[in-house]
Amino acid sequence: MGEYAGRACPLSPVDVLTEHRAVAYVETSDSSCLQTYGPVPPDLRKLDRVAIVPAPGSVDSCTDDFAVQLFMNADGDLAAVSLLMGEP
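The following paragraphs examine the structure supplied in this document. (Residues numbered from 1 in each chain as written. Predicted model: local features only at pLDDT ≥ 70, side-chain atom pairs only at ≥ 80, totals over all residues. Heavy atoms only, no water.)

1. A short note on the layout of surface pockets
Cut-off, in case you're wondering: Points on a 1 Å grid, built from protein atoms alone, make a cavity when a 1.4 Å probe fits but cannot get out and make a pocket when they are open with protein on both sides within 12 Å along at least 5 of 7 lines; residues with an atom within 4 Å of a point are the lining residues. Grid points are joined across faces, edges and corners, and a volume is the space filled by probe spheres set on the points. Counting from the N terminus, the helices are the DSSP runs of H or I reaching at least four residues and the strands are the DSSP runs of E reaching at least two. In this classification, the charged set is Asp, Glu, Lys and Arg, the nonpolar set is Ala, Val, Leu, Ile, Met, Phe, Trp, Tyr, Cys and Pro, and all remaining amino acids, among them Gly, are polar.
What the largest pocket holds in volume is close to 330 Å³. Around the largest pocket sit 19 residues that line it, and Thr36, Gly38, Gln69, Ser82 and Leu84 are the ones nearest its centre. For the lining of the largest pocket, the elements supplying multiple residues, two or more each, are β5 (66-72) and β6 (78-85). Tallying contributions element by element places β6 first for the lining of the largest pocket, with five residues. Classifying every residue of the lining of the largest pocket gives twelve nonpolar, seven polar and no charged. There is about 160 Å³ of room inside the second largest pocket. The wall of the second largest pocket is formed by Arg7, Ser12, Asp15, Val16, Glu19, His20, Thr63, Asp64, Asp65, Phe66 and Met85. It is helix α1 (residues 13-19) that contributes the most residues to the lining of the second largest pocket, three residues altogether.

2. Quick look at the sheet that holds β6
Through backbone hydrogen bonds, the strands of a sheet pair up, either in parallel or in antiparallel fashion. For clarity, the threshold we go by: Should DSSP find at least two bridges between two strands, the strands are regarded as paired. The convention used is that axes are lines fitted to C-alpha atoms, helices contributing only their stretch in contact, and that angles between N-to-C directions extend from 0 to 180 degrees.
Across the sheet, four strands lie side by side as β3-β4-β5-β6; this open sheet has antiparallel pairing. Two strands lie at the open edges of the sheet, namely β3 (23-26) and β6, each paired on one side alone. Between one strand axis and the next, the sheet turns by 20° as a mean value, whatever way the strands run. Where β5 and β6 come together, seven bridges link them in antiparallel fashion. Each bridged residue has a counterpart across the sheet, and for Leu70 the counterpart in β6 is Val81.

3. A few points about the state of the cysteines
For clarity, the threshold we go by: We call a pair of cysteine sulfur atoms a disulfide whenever their separation is within 2.5 Å. Relative accessibility decides the category of a residue: with a 1.4 Å probe and only protein chains considered, values under 20% of the type maximum give buried, values over 50% give exposed, and everything between is partly exposed.
Under the criterion given, the structure shown has one disulfide. Between the sulfur of Cys33 and that of Cys62 lies a disulfide, 1.9 Å long from S to S. Taking the torsion about the S-S bond as the criterion, the Cys33 to Cys62 disulfide, at about -50°, is left-handed. With Cys33 in the loop between β3 and α2 (42-45) and Cys62 in the loop between β4 (48-54) and β5, the pair connects residues that are 29 residues apart, well separated along the chain. Look at Cys33 and you get buried, because its relative accessible area is 16%. On the basis of relative accessibility, which here comes to 32%, the residue Cys62 falls in the partly exposed class.

Below, the structure written as C-alpha cells:
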C-alpha cells in the first residue's frame, strides 16, 4: 500500500470515472492540479493517447480534478492506462 495525491492506494481509474460521469476527451490534460511523478515513460510516448478529464465546469477544486490517460498501440488496442489525480 502507499499514498498518491493524499489518497490511500490502490486507486482505480474505473472507480474515478464511475464517481464522475461528466467528462471530456482531450489529447492531454493541461491541469496544473494533477500530481505526477515524472514524464510519460519513453515506450508510451510514441503511442496514440486520449485523456478522460472532468467536463468544463464540473469540478470545483483541485481535489476533484483527475485525468485517466488511455494509451493505444498501432492496432488500436489498449496498451496502458494512467490515472492522475488532483491533490486535496
